[in-house]
Amino acid sequence: ELKVEQNPLFLSMQEGKNYTIYCNYSTTSDRLYWYRQDPGKSLESLFVLLSNGAVKQEGRLMASLDTKARLSTLHITAAVHDLSATYFCAVDRGAGSYQLTFGKGTKLSVIP
Amino acid sequence: GAGVSQTPSNKVTEKGKYVELRCDPISGHTALYWYRQSLGQGPEFLIYFQGTGAADDSGLPNDRFFAVRPEGSVSTLKIQRTERGDSAVYLCASSRTNTGELFFGEGSRLTVL
């Protein structure tokens, strides 16, 4: 059974600071996704990482994937209040499976 | 439409009642997914359609849950004899291919009293 673990689950940080959210998964997969969810809203796709060593950046967020370590990171640079949301990583089992297994999410609060 | 549309956005029902939740995917997306999200948790996979057929329904919790997509576009998730434990947000997503990026709707919040 594929398990996806995120840490931390809760993160409170000051504006301007840097931090990293970690996503570990238990079985081999070459596809990992990061989503953002605001309260009461849909999940918004942030990054799709499709190979070992993949790195993608959008604004203050950068995501990377190490398939050998079964680890993805979401790095936040110089946080701003607008980044406050819950961030989910999700792993595709691959091999013809189209299910995404999600982590529990990291609730980020950026304090002015 | 521009995005995945789900109706109703909120549904309150009594234990034992029948419920239907509708999903209208992004035009041209052949793959459609249903997920369920409980409070404080990540979404959990329920069922995946490729076109009209359910390619994988292994996430449906029991036979009270059923989903259809008769014309390969709109899908309906049907829940019979609802139980309090069915209360959750039911999310629909679609993608252009079966390995592509998923686009989620805003969900249908189901509350079973």
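Residue positions within a chain follow its written sequence, with the count starting from 1. Working convention: letters from A go to chains and numbers from 1 go to ligands, in the order in which they are written. Predicted model: local features are reported for residues with pLDDT of at least 70 only, side-chain atom pairs are reported and counted for 80 or more only, and whole-chain, interface and lining totals are derived from all residues. To get the side-chain values, all heavy atoms of the structure are used, and hydrogens and water are removed first.

A. Geometry of the overall build of chain B. Strands here are runs of E lasting at least two residues and helices are runs of H or I lasting at least four, both read from the DSSP assignment and numbered beginning at the N terminus. A count of helices and strands for chain B gives 0 helices and 11 strands. Written out in order from the N terminus, the α and β elements of chain B read β-β-β-β-β-β-β-β-β-β-β. Computation of the radius of gyration draws on C-alpha atoms, with the globule rule given as 2.2 Å multiplied by the number of residues to the power 0.38. Taking 2.2 N^0.38 as the reference for a compact globule, 113 residues should give roughly 13 Å; the C-alpha atoms of chain B span a radius of gyration of 13 Å, in line with that estimate. For chain B, the spread of C-alpha atoms along the principal axes amounts to about 35 × 25 × 25 Å. Relative accessibility thresholds used throughout: buried, under 20% of the residue-type maximum; exposed, over 50%; partly exposed, between the two (1.4 Å probe, protein chains only). Of all 113 residues assigned to chain B, the portion counted as buried reaches 45%. Sequence-distant contacts in chain B: of pairs separated by 6 or more residues, those separated by 24 or more amount to 53%. Accessible surface is estimated by sampling points in the Shrake-Rupley manner with a 1.4 Å probe; for residues, cover comes only from the protein chains shown. Roughly 5400 Å² of accessible area belongs to chain B as shown, and the carbon and sulfur atoms make up 46% of that amount. In chain B, 12 side chains carry a positive charge and 12 a negative one; their mean positions are 6 Å apart. Residues count as neighbours in contact if any of their non-hydrogen atoms are within 4.5 Å of one another. Neither His nor the chain termini are counted; the positive set is Lys and Arg, and the negative set is Asp and Glu. Charge coordinates come from a single atom per side chain, which is NZ of Lys, CZ of Arg, CG of Asp or CD of Glu.

B. Fine view of the interface of chain B and chain A. Across the boundary between the two partners, chain B contributes 20 residues, which contact 16 residues of chain A. We define a salt bridge as a side-chain nitrogen of Lys or Arg found within 4 Å of a carboxyl oxygen belonging to Asp or Glu. Here chain B and chain A share 0 salt bridges between them. Polar contact criterion, stated in full: a pair of N or O atoms within 3.5 Å, where within protein one must be able to donate a hydrogen and the other to accept it, and residues adjacent in sequence count only if both atoms are side-chain atoms. In this assembly, chain B and chain A are joined by 6 residue pairs in polar contact (both at pLDDT 80 or more). Those elements that provide at least two residues to the side of chain B that touches chain A are strand 4 (31-37) and strand 5 (44-50) of chain B. Residue contributions to the side of chain B that touches chain A peak at 3 residues, all from strand 4 of chain B. As a working rule, the residues Ala, Val, Leu, Ile, Met, Phe, Trp, Tyr, Cys and Pro are called nonpolar, Asp, Glu, Lys and Arg charged, and the rest polar, with Gly in that last group. Grouping the constituent residues of the side of chain B that touches chain A by class yields 8 nonpolar, 9 polar and 3 charged.

C. A look at the sheet that holds strand 3 (residues 19-25) of chain A. All names here are of chain A. Between any two strands, at least two bridges found by DSSP are needed for them to pair. Across the sheet, 5 strands lie side by side as 1-3-8-7-6; this open sheet has antiparallel pairing. The open sheet is flanked by strand 1 (4-7) and strand 6 (55-58), the only strands paired with a single partner. Sheet twist, expressed as the mean angle between neighbouring strand axes with direction ignored, is 15°. Here the axes come from fitting lines to C-alpha atoms, over the contacting stretch only for helices, and the angles between their N-to-C directions go from 0 to 180 degrees.

D. A look at the sheet that holds strand 8 (residues 75-79) of chain B. Residues and elements named next belong to chain B. What the 4 strands build is an open sheet, ordered 1-3-8-7; its pairing is antiparallel. Every interior strand has two partners, whereas the edge strands, strand 1 (5-7) and strand 7 (65-68), have only one. Between one strand axis and the next, the sheet turns through 15° on average, direction left out of account.

E. Quick look at the packing of aromatic side chains. Residues and elements named next belong to chain B. Between rings of Phe, Tyr and Trp, where Trp is taken as its six-membered ring, a pair exists when centres lie within 6.5 Å; planes separated by under 30 degrees are stacked, by over 60 edge-to-face, and by other angles tilted. This structure, assessed with the given rule, holds 8 aromatic pairs over all chains. Where Tyr33 meets Tyr48, the ring centres are 5.0 Å apart and the plane angle is 25°; that geometry is what we call stacked. Taken together, the residues Tyr33 in strand 4 and Tyr48 in strand 5 connect sequence positions 15 residues apart. Both residues of the pair, Tyr33 and Tyr48, belong to the buried class. Seen in terms of ring centroids, Tyr35 and Phe45 are 5.7 Å apart; in terms of plane orientation they differ by 75°. Their pairing is edge-to-face.

F. Up close: the nonpolar core. Side-chain atoms within 4.5 Å link the members of a nonpolar core, which is a set of buried Ala, Val, Leu, Ile, Met, Phe, Trp, Tyr and Cys residues. By size, the foremost hydrophobic cluster in this structure holds 25 residues, and its most contacted members are Leu32, Trp34, Leu74, Ile76, Tyr87 and Leu108 of chain A. Mapped by element, the contributors of at least two residues to this core are strand 2 (10-14), strand 3, strand 4 (31-37), strand 5 (43-49), strand 7 (61-66), strand 8 (71-76), strand 9 (85-94) and strand 11 (106-111) of chain A. Considering every element that reaches this core, the biggest residue donor is strand 9 of chain A, with 4 residues. Once you skip the residues sitting within four places of it in the chain, Leu32 of chain A turns out to touch Cys23, Tyr25, Phe47, Val48, Leu49, Leu65, Ser72, Cys89, Ala90 and Val91 of chain A. Listed in part, the 20 residues of the second largest apolar core include Val4, Cys23, Ala67 and Ala88 of chain B.

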